[in-house]
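Read off the chains here:
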Protein chains: 2
Amino acid sequence: MPASVKNSPMSKESLLPPLAAHVLTHGLGQASLRPLARAAGTSDRMLLYHFGSKETLIAELLGFVARTYSQALDAALGSERAATRGQALARILTHARSPQMQPFMALWWEIVAGAARGLTGFAPAAHAITAELLGWLEGQMPADDPDPKGGARYLLTLIEGTLMLAAVGHEDTARDGLLASGLAPA
Amino acid sequence: MPASVKNSPMSKESLLPPLAAHVLTHGLGQASLRPLARAAGTSDRMLLYHFGSKETLIAELLGFVARTYSQALDAALGSERAATRGQALARILTHARSPQMQPFMALWWEIVAGAARGLTGFAPAAHAITAELLGWLEGQMPADDPDPKGGARYLLTLIEGTLMLAAVGHEDTARDGLLASGLAPA
DNA sequence: ATCTTTATGTAGCAAGTGCTACGTCCGCTT
DNA sequence: AAGCGGACGTAGCACTTGCTACATAAAGAT
């Protein structure tokens with residue numbers, strides 16, 4: 001082992017990004033301390049030292065993922081309003097279906113499942129991510145929209161339904177549904 | 001131990017109902033062989049004897065859950081057509097939000113998450129359950145609906161979005177979204 | 001009556017789980 | 001210079017994981 005390897009002290013903040021990366025590719029269900037520690041370049045001992053327990057580690061990790069998602073959303077998507085509701089819908093669906101979003105989508109459904117089961121930390125993260133998406137959608141609503149607030153919530157419902165159907169192999173069903181909604185171009 | 005206890009031979013079919021009950025209350029993520037066996041009145045040894053491996057056990061269990069869901073859907077919901085799209089929507093949402101459906105809903109999101117992660121057996125079960133719901137919705141569409149096929153898919157998208165938003169604590173958002181859709185009564 | 005198949009229990013394996021005990025550096029204060 | 005507390009490694013605990021080996025008991029087939 002080279003003596004030049006510095007033992008720079010690791011903070012929770014510096015640990016979270018590699019932990020999130022590991023969870024994004026391997027999933028939350030299989031996330032156990034030792035693989036997580038290996039991914040972060042530490043030991044399970046140190047993870048518990050910093051976070052206290054696995055449960056709070058996961059909770060803090062989900063909070064970090066939610067914050068990261070917010071920033072990614074702001075960065076990837078402009079803030080100019082869409083011309084139509086259909087355009088706002090198309091923009092966000094294109095983004096959600098992009099290849100680099102796929103790991104996040106897989107993690108997203110695990111977060112939803114954890115929230116539905118009442119696991120600690122899951123519900124706040126899921127709620128925050130959804131709220132972030134809703135906020136972005138509200139800003140995207142056309143300037144002449146008669147009901148931007150309700151319209152954004154309507155679009156959000158359609159978006160989440162579309163993404164869920166895609167997750168279970170019913171993307172064609174979702175496409176036909178959006179066609180019938182009158183929002184998607186034929 | 002009383003000698004009167006009969007060792008009646010257990011078939012896969014007789015094992016599946018108690019296994020499903022256990023998974024419905026405790027979740028798929030924590031489902032390991034020994035607790036499952038205890039719930040079914042057997043040993044892990046016998047579960048492997050009947051199913052070969054945990055992976056195929058889970059896959060067969062998910063198939064059973066999907067079939068059970070179909071029957072529950074047929075039994076709980078009539079087959080008379082709805083008068084309006086909004087009525088069909090309200091019927092299925094009322095059913096999905098009923099207390100006895102909550103364990104299934106929690107399991108449902110785990111199935112979706114597993115399908116999104118590509119776990120074996122999850123995608124077929126998720127696809128089948130969704131198809132069942134879609135088929136029921138098609139039968140519910142009003143007789144005078146201009147596009148029953150597309151309308152059913154549109155409603156399905158809204159339903160799944162609504163249920164997902166409810167799972168993450170955004171039920172009010174979903175309600176406002178449905179209000180803005182014009183399908184729900186004010 | 002023997003043989004084979006099916007169903008089951010008991011015991012155990014190697015690996016992995018979250019978590020702890022203990023000791024050791026190293027930089028800081030006093 | 002001494003001590004102190006944060007940062008880390010090593011070793012290990014008790015437990016659970018999926019799965020297997022081995023024995024056996026009952027039932028049907030020959």
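Everything discussed here concerns the structure shown above.
Description of the structure in this document. Keep in mind it's a predicted model, so treat the numbers as computed, not measured. For every chain, the first residue of the written sequence is number 1, and numbering continues from 1 onward in sequence order. To read the labels, note that chains go from A and ligands from 1, taken in the order they are written. Per-residue local features of the predicted model are confined to residues with pLDDT of at least 70, and side-chain atom pairs are confined, for both listing and counting, to 80 or more; whole-chain, interface and lining totals are unaffected and use all residues. Side-chain descriptors were evaluated using all non-hydrogen atoms of the structure, hydrogens and water having been removed beforehand.

## Some thoughts on the overall build of chain A
- Along its length, chain A carries nine helices and zero strands.
- Counting from the amino terminus, helix and strand elements in chain A follow one another as α-α-α-α-α-α-α-α-α.
- Principal-axis analysis of the C-alpha atoms places the extent of chain A at approximately 65 × 30 × 30 Å.
- Exposed residues in this analysis have more than 50% of their type's maximum accessible area, buried residues have under 20%, and partly exposed residues fall in between, with area computed by a 1.4 Å probe over protein chains only. Among the 186 residues that make up chain A, the fraction classed as buried is 47%.
- By definition in these notes, contact holds between two residues if any of their heavy atoms fall within 4.5 Å. Sequence-distant contacts, at least 24 apart, represent 63% of the contacts inside chain A between residues at least 6 apart.
- Carbon and sulfur atoms form 58% of the exposed surface of chain A, whose accessible area is close to 8700 Å².
- Neither His nor the chain ends contribute to the count of charged residues, in which Lys and Arg are positive and Asp and Glu negative. Every charge is mapped onto a representative atom, which is NZ of Lys, CZ of Arg, CG of Asp or CD of Glu. Of the side-chain charges in chain A, 15 are positive and 16 negative, and the distance between the mean point of each set is 8 Å. The helix count covers DSSP runs of H or I at least four residues long, the strand count covers runs of E at least two residues long, and both are numbered beginning at the N terminus. Each accessible area value is a Shrake-Rupley result obtained with a 1.4 Å probe; residue values ignore everything except the protein chains displayed when judging cover.

## Some details on the protein's contact with DNA strand D
- The near set for a molecule or strand comprises every residue that places at least one heavy atom within 4 Å of it. Taken together, 19 residues lie around DNA strand D, and B:Ser32, B:Leu33, B:Arg34, B:Asp44 and B:Lys54 are the ones closest in.
- Those atoms of DNA strand D that come within 4 Å of the protein belong to sugar or phosphate at a rate of 49%.
- For the purposes of these results, a polar contact is taken to be a pair of N or O atoms within 3.5 Å, where, inside protein, one atom must be able to donate a hydrogen and its partner to accept one; residues adjacent in sequence count only when each atom of the pair is a side-chain atom. Here a base oxygen of DNA strand D and a side-chain polar atom of A:Arg34 are 3.4 Å apart.
- Between DNA strand D and B:Lys54 there is a distance of 2.5 Å, counted from a phosphate oxygen to a side-chain nitrogen or oxygen.
- Put simply, the parts of the chain that give the surface near DNA strand D at least two residues each are helix 3 (44-51) of chain A together with helix 2 (33-40) and helix 3 (44-51) of chain B.

## Re the pattern of salt bridges
- Any carboxyl oxygen of Asp or Glu within 4 Å of a side-chain nitrogen of Lys or Arg constitutes a salt bridge here. Under the definition given, this model contains twelve salt bridges over all chains.
- When the shortest N-O distance is used, the salt bridge between A:Asp145 and A:Arg85 registers 2.7 Å. Of this pair, A:Asp145 sits in the loop between helix 7 (122-140) and helix 8 (148-167) while A:Arg85 sits in helix 5 (residues 85-96); the two residues are 60 residues apart in sequence, bridging distant segments of the chain. Each member of the pair, A:Asp145 as well as A:Arg85, is classed as buried.
- Note that B:Arg175 is salt-bridged to B:Asp176, the shortest N-O span being 3.5 Å.

## With respect to the protein's contact with DNA strand C
- What surrounds DNA strand C is a group of 20 residues, the closest being A:Ser32, A:Leu33, A:Asp44, A:Lys54 and B:Met46.
- Backbone atoms, meaning sugar and phosphate, make up 45% of the atoms of DNA strand C lying within 4 Å of the protein.
- At a separation of 3.0 Å, a base nitrogen of DNA strand C approaches a polar side-chain atom of A:Arg34.
- B:Arg34 is positioned with one of its side-chain polar atoms (N or O) 3.3 Å from a base oxygen of DNA strand C.
- Elements with a minimum of two residues in the surface near DNA strand C: helix 2 (33-40) and helix 3 of chain A together with helix 3 of chain B.
- The greatest single-element share of the surface near DNA strand C, amounting to four residues, is contributed by helix 3 of chain B.

## Examining the packing of aromatic side chains
- For this analysis, a ring pair means two rings from Phe, Tyr or Trp (six-membered ring only for Trp) whose centres lie within 6.5 Å, classed as stacked if their planes differ by under 30 degrees, edge-to-face if by over 60, and tilted for the remaining angles. A complete count under the given rule lists three aromatic pairs over all chains for this structure.
- Centroid distance A:Trp109 to B:Trp109: 6.2 Å. Interplanar angle 0°. Geometry classified as stacked. With A:Trp109 in helix 6 (residues 102-117) and B:Trp109 in helix 6 (residues 102-117), this pair bridges two chains.
- In this structure A:Trp109 comes out as buried when scored by relative accessible area, which is 1%.
- Centre to centre, the rings of B:Tyr69 and B:Phe104 are 4.6 Å apart; their planes meet at 5°, and the pair counts as stacked. You can see B:Tyr69 sitting in helix 4 (residues 54-76) and its partner B:Phe104 sitting in helix 6, a full 35 residues away along the chain.
- By relative accessible area, which is 9% here, B:Tyr69 ends up buried.

## Thoughts on the packing of helix 1 (residues 12-26) of chain B against helix 4 of chain B
Residue and element names in this part refer to chain B.
- Two elements in contact, helix 1 and helix 4, have axes separated by 10 Å at closest approach and are oriented at 80°. Taken together, helix 1 and helix 4 sit at an angle that is classed as roughly perpendicular. Across the interface between the two elements, Lys12, Leu16, Pro17, Leu19, Ala20 and Val23 of helix 1 pack against Leu57, Glu60, Leu61, Phe64, Val65 and Arg67 of helix 4.
- Class assignment of the residues belonging to the contact of helix 1 with helix 4 gives a composition of nine nonpolar, no polar and three charged. Here, axes are lines fitted to C-alpha atoms. For helices the fit covers the stretch in contact, and angles between N-to-C directions go from 0 to 180 degrees. Working rule for angles: under 35 degrees goes down as roughly parallel, over 145 as roughly antiparallel, 65 to 115 as roughly perpendicular, anything else as oblique. Put simply, Ala, Val, Leu, Ile, Met, Phe, Trp, Tyr, Cys and Pro go in the nonpolar bin, Asp, Glu, Lys and Arg in the charged bin, and everything else, Gly too, in the polar bin.

## Topic: the interface of chain B and chain A
- Taken residue by residue, the interface counts 44 residues in chain B and 44 residues in chain A.
- Taken together, the connections running from chain B to chain A amount to two salt bridges.
- Summed over the shared surface of chain B and chain A, the number is five residue pairs in polar contact (both at pLDDT 80 or more).
- Of all the elements in the fold, those that place two or more residues in the side of chain B that touches chain A are helix 1, helix 6, helix 7 (122-140), helix 8 (148-167) and helix 9 (171-181) of chain B.

## Observations concerning the environment of A:Ser53
All names here are of chain A.
- Tracing the backbone shows Ser53 in the loop between helix 3 and helix 4 (54-76).
- A relative accessible area of 25% means that Ser53 is categorised as partly exposed.
- Here the alpha-carbon distance between Ser53 and Met164, two residues 111 residues apart in the chain, equals 32 Å.

## Remarks on the relation of the copies chain B and chain A
- The fit set for superposing copies consists of C-alpha atoms from residues with pLDDT of at least 70 in both; the fit itself is least squares. Placing chain B over chain A gives an RMSD of 0.1 Å and needs a rotation angle of 180°, together with 0.0 Å of translation along the axis. Taken together, the rotation and translation relating the two chain copies correspond to the operation of a two-fold axis. No C-alpha of chain B lies nearer the rotation axis than that of B:Gly161, which sits 1.9 Å from it.
- Comparing contact sets, 100% of the residues at the interface of chain B also lie at the interface in chain A, consistent with an isologous, same-surface contact.

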